[in-house]
Amino acid sequence: QVQLVESGGGLVQAGGSLRLSCAASGRIASTYSMGWFRQAPGKEREFVAFINWSGSTYYTDSVKGRFTISRDNAKNTVYLQMNSLKPEDTAVYYCAVVYQSRRPSSSEVDYWGQGTQVTVSS
């Protein structure tokens, strides 16, 4: 079993920044990818960003140029630096572990974190 612990969410004004962290522990494979999804009230969970084990990154169009995903393999940790935040970024952000190298759909995620709330005020 794999455990994911997220941190870094909170309340920020539009234009501000936050950094999310997610640490993986437990019986995790030697090669794995990590990513972030988000879910706003009344909406489906959607893909945000993804980094595979070779370091390739993928972003949904709405966050390109504002969000940056990175990982520290020694710490089994993934980060999401979010800049120029907008009210429409408000959602619960979920960390994900995926045992594949290409961008996943939510149904392809192997493990989920508990979620962290990000609220952007206008």
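Basis of the calculations
Residues numbered from 1 in each chain as written. Predicted model: local features only at pLDDT ≥ 70, side-chain atom pairs only at ≥ 80, totals over all residues. Heavy atoms only, no water. Helix = DSSP H or I, 4+ residues; strand = E, 2+ residues; numbered from the N terminus. Rg over C-alpha atoms; globule rule 2.2 N^0.38 Å. Core = buried A, V, L, I, M, F, W, Y, C linked by side-chain atoms within 4.5 Å. Buried < 20%, exposed > 50% of the residue type's maximum accessible area, 1.4 Å probe, protein only. Contact = heavy atoms within 4.5 Å. Salt bridge = Lys/Arg side-chain N within 4 Å of Asp/Glu carboxyl O. Pairing = 2+ DSSP bridges. Phe/Tyr/Trp six-rings, centres within 6.5 Å; stacked < 30°, edge-to-face > 60°. Disulfide = S-S within 2.5 Å. Axes fitted to C-alpha atoms, helices over the stretch in contact; angles between N-to-C directions.

1. Concerning the overall build of the protein
Next, step 1: Across its full length, the protein holds zero helices and eleven strands.
Next, step 2: Along the protein, from the amino end to the carboxyl end, the secondary structure elements read β-β-β-β-β-β-β-β-β-β-β.
Next, step 3: Radius of gyration (C-alpha) of the protein: 13 Å, near the 14 Å computed for a compact globule of 122 residues.
Next, step 4: Overall size of the protein, expressed as C-alpha extent along the three principal axes, is 40 × 25 × 25 Å.

2. Comments concerning the nonpolar core
Next, step 1: Formed by 28 residues in total, the largest nonpolar core has its most connected members in Met34, Trp36, Leu80, Met82 and Tyr93.
Next, step 2: If you list the elements that add at least two residues to this core, you get β1 (2-7), β3 (18-26), β4 (33-39), β5 (46-51), β7 (67-72), β8 (77-82), β9 (91-98) and β11 (116-121).
Next, step 3: Setting aside residues no more than four positions away along its own chain, Met82 makes contact with Gly16, Ser17, Leu18, Leu20, Arg66, Phe67, Tyr93 and Val118.
Next, step 4: In this structure, Phe47, Phe50, Ala96 and Val109 belong to the second largest nonpolar core, which totals six residues.

3. Here's the deal with the pattern of salt bridges
Next, step 1: Evaluation of the coordinates by the stated rule reveals five salt bridges.
Next, step 2: Beyond isolated ion pairs, a larger network of salt bridges with shared partners links Arg38, Glu46, Arg66 and Asp89.

4. Some points on the pairing of β1
Next, step 1: On β1, burial follows the alternation: Val2, Leu4 and Glu6 on one face are buried, whereas Gln3, Val5 and Ser7 on the facing-out side are not.
Next, step 2: Here six bridges tie β1 to β3, and the two strands are oriented antiparallel to one another. Directly across from Leu4, in β3, lies its bridge partner Ala24.

5. Digging into the packing of aromatic side chains
The way to describe two aromatic rings as a pair is by their centre distance and the angle between their planes.
Next, step 1: A complete count under the given rule lists five aromatic pairs for this structure.
Next, step 2: Ring centres of Tyr94 and Trp112 lie 6.2 Å apart, and the angle between their planes is 80 degrees; this geometry places the pair in the edge-to-face category. With Tyr94 in strand β9 and Trp112 in strand β10 (residues 111-112), this residue pair connects regions lying 18 residues apart in the sequence.
Next, step 3: Classification of Tyr94 by relative accessible area gives buried; the value is 14%.
Next, step 4: Relative to Tyr111, the ring of Tyr99 has its centre 6.3 Å away and its plane inclined at 80 degrees; by these criteria the two rings are edge-to-face.

6. Details of the state of the cysteines
Next, step 1: Following the criterion strictly, the structure yields one disulfide and no others.
Next, step 2: Across the disulfide, Cys22 is cross-linked to Cys95 (sulfur-sulfur distance 2.1 Å). Taking the torsion about the S-S bond as the criterion, the Cys22 to Cys95 disulfide, at about -85 degrees, is left-handed. Residue Cys22 is located in strand β3, and its partner Cys95 is located in strand β9; the two are separated by 73 residues in the primary sequence.
Next, step 3: Since its relative accessible area comes to 0%, Cys95 is described here as buried.

7. A few points about the sheet that holds β3
Next, step 1: Here four strands make up an open sheet; going across it, the order is β1-β3-β8-β7 and the pairing antiparallel. Edge positions in the sheet fall to β1 and β7, since each of these pairs with one other strand and no more. Averaged over all pairs of adjacent strands, the angle between strand axes in this sheet comes to 15 degrees, irrespective of strand direction.
Next, step 2: Sheet analysis places β3 next to β8, joined by six bridges and oriented antiparallel. Bridge assignment links Ser21 to a residue of β8, and that residue is Tyr79.

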